[in-house]
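Next come the chains, spelled out residue by residue.
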Amino acid sequence: MNIHASNMLTYTYPISHFNTSAKTHYLNPYKNIFKTLIPVKSSVLPPVNNVWIRKNKIETVDEEEVKLRVEYEEKEGEKVKLKWIEIGTNISDEQKQAISKLPFKMTKRCKALMKQLICFGNNQESDLNQLLTSWVKIMKPQRCDWLAVLKELTNLDHPLLFEVIELALLEESFEANARDYTKIIDGYAKKGRILDAETAFHAMKTRGFVCDQVTLTTLINMYSKNGNLQRAEETFEDMKLLGLPLDKRAYGSMIMAYVRAGIAGRGENLLIEMESQEIYAGSEVYKALLRAYSTVGDTKGAQRVFDSIQFAGIAPDERLCALLMNAYAVAGDCTGVRSVFGNMRSAGLKPSDKCIALILSSYEKENKLNMALDLLIGLEKEGIMVGQEASDILAKWFRKLGVVGEVELVLREYTEQEDKQKTPAF
């Protein structure tokens, strides 16, 4: 259908604003499709009434024709001109499948960009910056559109995710805020890209965004996992100097930094500082501290942390009990191991294989075979099976005593006798 220029609504952007050839957008009143007029220097007449016209016809590109790739060419002595080139059917099955799985409710402008990104790199001259710039100028996305694209790229674990985010942060239509920078810093941190995360943080400050406790806590957590205790401490002190509130996550990240650095004592000091302010760490922080003391056999430290766990309102489970038992076992305190095991059983907790292995090891050290056999029989009555670790300890112990066959016979006879006593008489 031939459409006269007077029947179209015209939106023209000056060349100086975008530093590229001007583009005029038309809304066809006869067809509800957004169309774009593309100026090409060699074949256009000067603009008349803010309308770009070809010598013979108006050239438009339908937005529904979304299988396009934007390409910029620059020739010597000429201005940049914009060309639309179809992606075509020469794409991989994986790309076709990814395109077919795009959300049905995703807007056309978002699908247009997603298809471009999914097929990005098929051409060696692909330029992500120019692609996004063209999408912004032509499609006029809002923040919700950017977020929809980023969400889909995240779901696809797309390799261009971080590059798209970095470019999006510079676009006015994205309406970037401090939390957006925090997310990309955290994303880089999870990928182990520390330098990129720091670059994003410095860019955030350069662009005038205020660093809050969430951003700085993210940095502490990043440095903690990376093993950079000095930078974690510096960031933690910066939070205090700025007067930012320290919550359980900030404290927890710093405690974990000390634990990973092998300084559990300083981590416990922070834990005490937290508790004095009625701030309680998460169970994973308590568990990490307890494990740190357990590994080196520090029974006093392990018991203090175990007590703090209960004081914080966290019910100890069999894993925490196993860590406390291990602390006594490493220290060679068999009485302490049995005491913890007894308390665990009194609390109604089902012992894990690790707990059973530790208690059997304590019996072996003191050569208390009868107590070990009583324990095994009691566990069997409760339907608790002995796992691999506990079985290995038993086998080693019995081989050392040379009574493997005898023990098996005694256990079998004892079990049969118990079953007979439970059988009702007729």
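Residues numbered from 1 in each chain as written. Predicted model: local features only at pLDDT ≥ 70, side-chain atom pairs only at ≥ 80, totals over all residues. Heavy atoms only, no water.

The protein is annotated in an unreviewed UniProt entry as Pentacotripeptide-repeat region of PRORP domain-containing protein of Papaver somniferum.

(A) Highlighting the packing of aromatic side chains. As enumerated under the stated definition, the model contains seven aromatic pairs in all. Seen from their ring centres, W146 and F174 are 6.0 Å apart, and the 85° between their planes marks the pair as edge-to-face. With W146 in helix α5 (residues 143-156) and F174 in the loop between α6 (161-168) and α7 (178-190), this residue pair connects regions lying 28 residues apart in the sequence. Accessibility classification places W146 together with F174 in one group, the buried group. Here the aromatic rings of W397 and F398 are separated by 6.1 Å at their centres, their planes lie at 25°, and the arrangement is stacked. Pair check on accessibility: W397 and F398 agree, each one buried. Among the aromatic residues, those joined into a ring-pair cluster are W135, W146 and F174. It is R193 that lies over the ring of F162; its NZ or CZ is 5.2 Å from the centre. (Phe/Tyr/Trp six-rings, centres within 6.5 Å; stacked < 30°, edge-to-face > 60°. Helix = DSSP H or I, 4+ residues; strand = E, 2+ residues; numbered from the N terminus. Buried < 20%, exposed > 50% of the residue type's maximum accessible area, 1.4 Å probe, protein only. Lys NZ or Arg CZ within 6 Å of the ring centre and 35° of its normal.)

(B) View of the side chain of T217. Following the sequence through the fold, T217 ends up in helix α9 (residues 213-226). A distance of 2.6 Å separates a polar atom in the side chain of T217 from the backbone oxygen of Q213. The contact partners of T217, leaving out residues within four places of it in the chain, are M239, R249, A250 and S253. (Polar contact = N/O pair within 3.5 Å; in protein donor to acceptor, adjacent residues only side chain to side chain. Contact = heavy atoms within 4.5 Å.)

(C) Broad picture of the UniProt feature "repeat: PPR" (unreviewed entry) in the protein. In this structure's numbering, the residues bearing the UniProt feature "repeat: PPR" (unreviewed entry) are residues 177-211, 212-246, 282-316 and 317-351. As a span, residues 177-211 carries 74% helix and 0% strand, and end to end its C-alpha atoms are 11 Å apart. (UniProt positions renumbered as here; feature names shortened; annotations may be inferred.)

(D) Structural view of helix α17 (residues 353-365). With 13 residues, α17 extends 18 Å from end C-alpha to end C-alpha; this agrees with the ideal 18 Å at 1.5 Å per step. Residues of α17 that are buried make contact with α15 (318-330), α16 (334-346), α18 (369-381) and α19 (388-401). Of the residues one or two after α17, N367 is the one with positive phi, at around 55°. (Expected span 1.5 Å × (residues − 1).)

(E) Here's a closer look at the pattern of salt bridges. One pass over the full model with this rule turns up 14 salt bridges. A salt bridge links D157 to K191; its shortest N-O distance comes to 4.0 Å. Taken together, the residues D157 in the loop between α5 and α6 and K191 in the loop between α7 and α8 (194-206) connect sequence positions 34 residues apart. Residue K191 is classed as exposed on the basis of its relative accessible area of 52%. E389 is paired through a salt bridge with K354; the nearest N and O atoms lie 3.2 Å apart. Here K354 lies in helix α17 and E389 lies in helix α19, a separation of 35 residues in the sequence. Three or more residues joined by partner-sharing salt bridges are found here, namely R338, E366 and K368. (Salt bridge = Lys/Arg side-chain N within 4 Å of Asp/Glu carboxyl O.)

(F) Spotlight on the side chain of T215. Its location among the elements puts T215 in helix α9. Since its relative accessible area comes to 0%, T215 is described here as buried. Within the structure, the side chain of T215 is placed 2.6 Å from the side chain of T182, a separation counted as a polar contact. When near neighbours in sequence (up to four residues on either side) are disregarded, T215 contacts R179, T182, I185, F201 and M204.

(G) Examining the nonpolar core more closely. One finds L117, M254 and L360 to be the most contacted residues of the largest nonpolar core, which totals 108 residues. The contact partners of M254, leaving out residues within four places of it in the chain, are I220, L229, A232, E233, F236 and L270. (Core = buried A, V, L, I, M, F, W, Y, C linked by side-chain atoms within 4.5 Å.)

(H) Spatial organisation of helix α10 (residues 229-241). Taking 1.5 Å per residue, 13 residues should reach 18 Å; α10 reaches 18 Å between its end C-alpha atoms and fits that length. Turning to α10, its buried residues are L229, A232, T235, F236 and M239. For α10, the angular spread of the buried residues around the axis is 130°, confining them to a single face. Structural note: α10 exposes Q230 and L241 on the side pointing more than 90 degrees away from its buried face. Those residues of α10 that are buried are in contact with α9, α11 (248-260) and α12 (264-276). At the C-terminal side of α10, G243 shows a positive phi close to 75°. (Arc of directions from axis to C-beta.)

(I) Region of the structure containing unusual backbone geometry. At E175, a residue that is not glycine, the phi angle is positive and equals roughly 55°. Looking at the secondary structure, you find E175 in the loop between α6 and α7. Exposure remark for E175: the relative accessible area of 54% places this residue in the exposed category.

(J) Inspection of the packing of α17 against α18 at higher detail. Running from N to C, α17 and α18 point in directions that differ by 155°, and their axes come no closer than 9 Å. Viewed along their axes, α17 and α18 adopt a mutual orientation that is roughly antiparallel. Contacts between α17 and α18 involve I356, I359, L360 and Y363 on the former and, on the latter, M371, A372, L375, L376 and L379. Here the contact of α17 with α18 is composed, by residue class, of nine nonpolar, no polar and no charged. (Axes fitted to C-alpha atoms, helices over the stretch in contact; angles between N-to-C directions. Parallel < 35°, antiparallel > 145°, perpendicular 65-115°, else oblique. Nonpolar A, V, L, I, M, F, W, Y, C, P; charged D, E, K, R; others polar.)

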